[in-house]
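A structural walkthrough
Okay, here's what each chain looks like letter by letter:
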Protein chains: 2
Amino acid sequence: MDEKHLIEETVSTETVFEGRVFDLQVKSVRLPDGSASKRDIIQHPGAVAVVPLFNNERVILVRQFRSALETIMWEIPAGTLEPGEEPLAAAERELREEIGYHPNNLIPLGGIHVAPGYSSEYIHIYLSTELSAVASGGDVDEFIEKHDMPLSEAFTLLRTGQITDAKTIAGLLLTQQYLDNQT
Amino acid sequence: MDEKHLIEETVSTETVFEGRVFDLQVKSVRLPDGSASKRDIIQHPGAVAVVPLFNNERVILVRQFRSALETIMWEIPAGTLEPGEEPLAAAERELREEIGYHPNNLIPLGGIHVAPGYSSEYIHIYLSTELSAVASGGDVDEFIEKHDMPLSEAFTLLRTGQITDAKTIAGLLLTQQYLDNQT
């Protein structure tokens, strides 16, 4: 496809905020028609999320308070990449920290750009079907509760609107697709 | 569930950036164990996204350059809520602006919190199965190309990693679930 007519050019970039997890940049851009505009962009290091599946029928979800939404959310185990950290290593670390399991396999299910309009964040999503219990390392700034449930119950939570986290919805639906293709 | 032990309290909130689409706040919070921490939060007005489905077998996706990712993305039609705008009205507006169709029905498929760790954004996701062609209103700051394709081709793009946008993945997979439950 010739798509040059869609591309905007970055003229300059100013970092206006350096945060704990992400930075905020204001980019001056030239639109395809030559006019000028601005884009407010979150520069994010990326993240991983894992669906921990036991015997192809049970899953562990976590409950965690999210300040941005002022509520407790249902989520699959997940976390931000540390500097220089590979996604597979991050997936192992997050599973250990959040639910106390080591994944003996990590099946890539793809991933999501969470908000292409303003965030660079990409979340690598994995399925683990072979897990071993390990000592759970405490993540010092996180207060998380894990819930073991049938996969069918997780889908009920999704269908009834109780699961709204994007990575969790994508992870569960992609897991369902993966399992359907196995049979 | 008694989940008081998960809740953090907001002590103070400072708006450090007011942007075109979202604001950035730094919140001082008290963690469940009483210790102090900070949260960098994007305050976002929310958004809508629509899967436009024709004859239960063709879909229109759009190609759009995304400055945050410096690339052109495959997405379903979508956009940010304007001040005071209802999600259904926004869905109608975005479909008209981006692909030149009016939805005669809008079936709610749920929605996604795109990044609960740092963004308040919630995207309402709809399916429209009854659409009428209308004059497409130009969205002044958007350069978008629409692509009509079989739904199966959209799923091929998803499976091969060419679709990575969270709302598009959720929208397509929830549409598949909806169609499966119809038959």
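Structural data are supplied above this passage.
In this report, we go over the structure that sits alongside the text.

Rules of the game
- Residues numbered from 1 in each chain as written.
- Chains lettered and ligands numbered in written order.
- Predicted model: local features only at pLDDT ≥ 70, side-chain atom pairs only at ≥ 80, totals over all residues.
- Heavy atoms only, no water.
- Helix = DSSP H or I, 4+ residues; strand = E, 2+ residues; numbered from the N terminus.
- Buried < 20%, exposed > 50% of the residue type's maximum accessible area, 1.4 Å probe, protein only.
- Contact = heavy atoms within 4.5 Å.
- Buried area = accessible area lost by both parts, 1.4 Å probe.
- Salt bridge = Lys/Arg side-chain N within 4 Å of Asp/Glu carboxyl O.
- Polar contact = N/O pair within 3.5 Å; in protein donor to acceptor, adjacent residues only side chain to side chain.
- Nonpolar A, V, L, I, M, F, W, Y, C, P; charged D, E, K, R; others polar.
- Axes fitted to C-alpha atoms, helices over the stretch in contact; angles between N-to-C directions.
- Parallel < 35°, antiparallel > 145°, perpendicular 65-115°, else oblique.
- Left-handed = near helix turned anticlockwise from the far one by under 90°.
- Expected span 1.5 Å × (residues − 1).
- Core = buried A, V, L, I, M, F, W, Y, C linked by side-chain atoms within 4.5 Å.
- Pairing = 2+ DSSP bridges.
- Least-squares fit on C-alpha atoms with pLDDT ≥ 70 in both.

What follows deals with the side chain of B:Thr175. All names here are of chain B. By secondary structure assignment, the location of Thr175 is in helix H3 (residues 166-182). Accessibility expressed as a relative area gives 0% for Thr175, which makes it buried. Apart from the residues lying within four places of it in its own chain, the contact partners of Thr175 are Val51, Leu53, Leu109 and Leu127.

A few words now on the interface of chain B and chain A. Between chain B and chain A, the contact holds 66 residues from the first and 66 residues from the second. For the pair chain B and chain A, the summed buried surface comes to about 5600 Å²; carbon and sulfur atoms form 63% of the total. Viewed at the interface, chain A and chain B are joined by four salt bridges. A:Lys27 is paired through a salt bridge with B:Glu70; the nearest N and O atoms lie 2.6 Å apart. For the pair chain B and chain A, the number of links is 22 residue pairs in polar contact (both at pLDDT 80 or more). Considering every element that reaches the side of chain B that touches chain A, the biggest residue donor is H3(B), with seven residues. Split by residue class, the side of chain B that touches chain A holds 35 nonpolar, 14 polar and 17 charged.

Before going further, it helps to spend a moment on the environment of B:Thr156. Here B:Thr156 shows up in helix H2 (residues 151-159). Sequence separation of B:Thr156 and B:Gln177 is 21 residues, and the distance between their C-alpha atoms is 16 Å.

This part is about the packing of helix H2 (residues 151-159) of chain A against helix H3 (residues 166-182) of chain A. Residues and elements named next belong to chain A. Axis separation between H2 and H3 bottoms out at 11 Å; the angle between their running directions is 135°. Considering their axes alone, H2 and H3 lie oblique with respect to each other. Every pair of crossing elements has a handedness; the one defined by H2 and H3 is left-handed. Contacts between H2 and H3 involve Leu151, Ala154, Phe155 and Leu158 on the former and, on the latter, Ile169, Leu172, Leu173, Gln176 and Leu179. Its residues placed into classes, the contact of H2 with H3 shows eight nonpolar, one polar and no charged.

The next thing to look at is H3(B). Compared with an ideal rise of 1.5 Å per residue, which puts 17 residues at 24 Å, H3(B) spans 24 Å between its outermost C-alpha atoms and is within 8% of the ideal. Among the residues of H3(B), those classed as buried are B:Ala166, B:Lys167, B:Thr168, B:Ile169, B:Ala170, B:Gly171, B:Leu172, B:Leu173, B:Leu174, B:Thr175 and B:Leu179.

Here we come to the nonpolar core. The biggest cluster of nonpolar side chains holds 74 residues, and the ones touching the most others in it are A:Leu61, A:Ile112, B:Leu61 and B:Ile112. In contact with A:Ile112, other than residues within four places in its own chain, are A:Glu121, A:Tyr122, A:Ile123, A:Ile125, A:Ala166, A:Lys167, A:Ala170, B:Thr164, B:Ala166 and B:Ile169. One finds B:Leu81, B:Ala91, B:Leu95 and B:Leu106 within the second-largest nonpolar core, a separate group that totals 14 residues.

A separate point is the sheet that holds strand E2 (residues 23-30) of chain A. All names here are of chain A. With antiparallel pairing, the three strands of this open sheet are ordered in space as E1-E2-E3. The strands lining the two open edges of the sheet, one partner per strand, are strand E1 (9-18) and strand E3 (36-43). Taking each pair of neighbouring strands and ignoring which way they run, the sheet shows an average axis angle of 20°. Here E2 runs beside E3; their pairing, made up of eight bridges, is antiparallel. Counterpart to Leu24 in the pairing with E3 is Ile42.

As a further point, take the environment of A:Ile60. All names here are of chain A. Inspection of the secondary structure puts Ile60 in strand E5 (residues 58-66). In this structure, the C-alpha to C-alpha distance between Ile60 and Val50, residues ten residues apart in sequence, is 9.9 Å. When residues no more than four places from it in sequence are discounted, the contact partners of Ile60 are Pro52, Phe54, Pro77, Ile99, Tyr101, Lys146, His147 and Asp148.

Residues and elements named next belong to chain B. The final tally for this structure, using the stated rule, is 26 salt bridges over all chains. Across the pair Arg30 and Glu9 runs a salt bridge whose closest N-O atoms are separated by 3.5 Å. Of this pair, Arg30 sits in strand E2 (residues 23-30) while Glu9 is found in strand E1 (residues 9-18), placing the two residues 21 residues apart along the sequence. For Arg30, a relative accessible area of 38% gives the class partly exposed. When the shortest N-O distance is used, the salt bridge between Glu75 and Lys167 registers 2.8 Å. A residue pair is termed long-range when its members are at least 10 positions apart, and Glu75 in strand E6 (residues 71-75) and Lys167 in helix H3 qualify at 92 residues. Residue classification places Glu75 among the buried residues on the basis of a relative accessible area of 1%.

Attention shifts here to the packing of H3(A) against H3(B). Geometry of a packed helix pair, given as the angle between the helix axes and the separation of the axes. For the pair H3(A) and H3(B), the least separation of the axes is 10 Å and the interaxial angle reads 45°. Looking at the two axes, H3(A) sits oblique to H3(B). As H3(A) packs across H3(B), the resulting crossing turns out to be left-handed. Along its contact with H3(A), which presents A:Ala166, A:Ile169, A:Ala170, A:Leu173, A:Leu174 and A:Gln177, the element H3(B) presents B:Ala166, B:Ile169, B:Ala170, B:Leu173, B:Leu174 and B:Gln177. Residues of the contact of H3(A) with H3(B), tallied by class, amount to ten nonpolar, two polar and no charged.

Superposing chain B onto chain A takes a rotation of 180° combined with a translation of 0.0 Å along the rotation axis, leaving an RMSD of 0.0 Å. One copy is carried onto the other by what is essentially a two-fold rotation axis. Across chain B, the smallest distance between a C-alpha and the rotation axis is recorded for B:Val114, namely 2.7 Å. Most of the interface of chain B is mirrored in chain A: 100% of its interface residues are interface residues there too.

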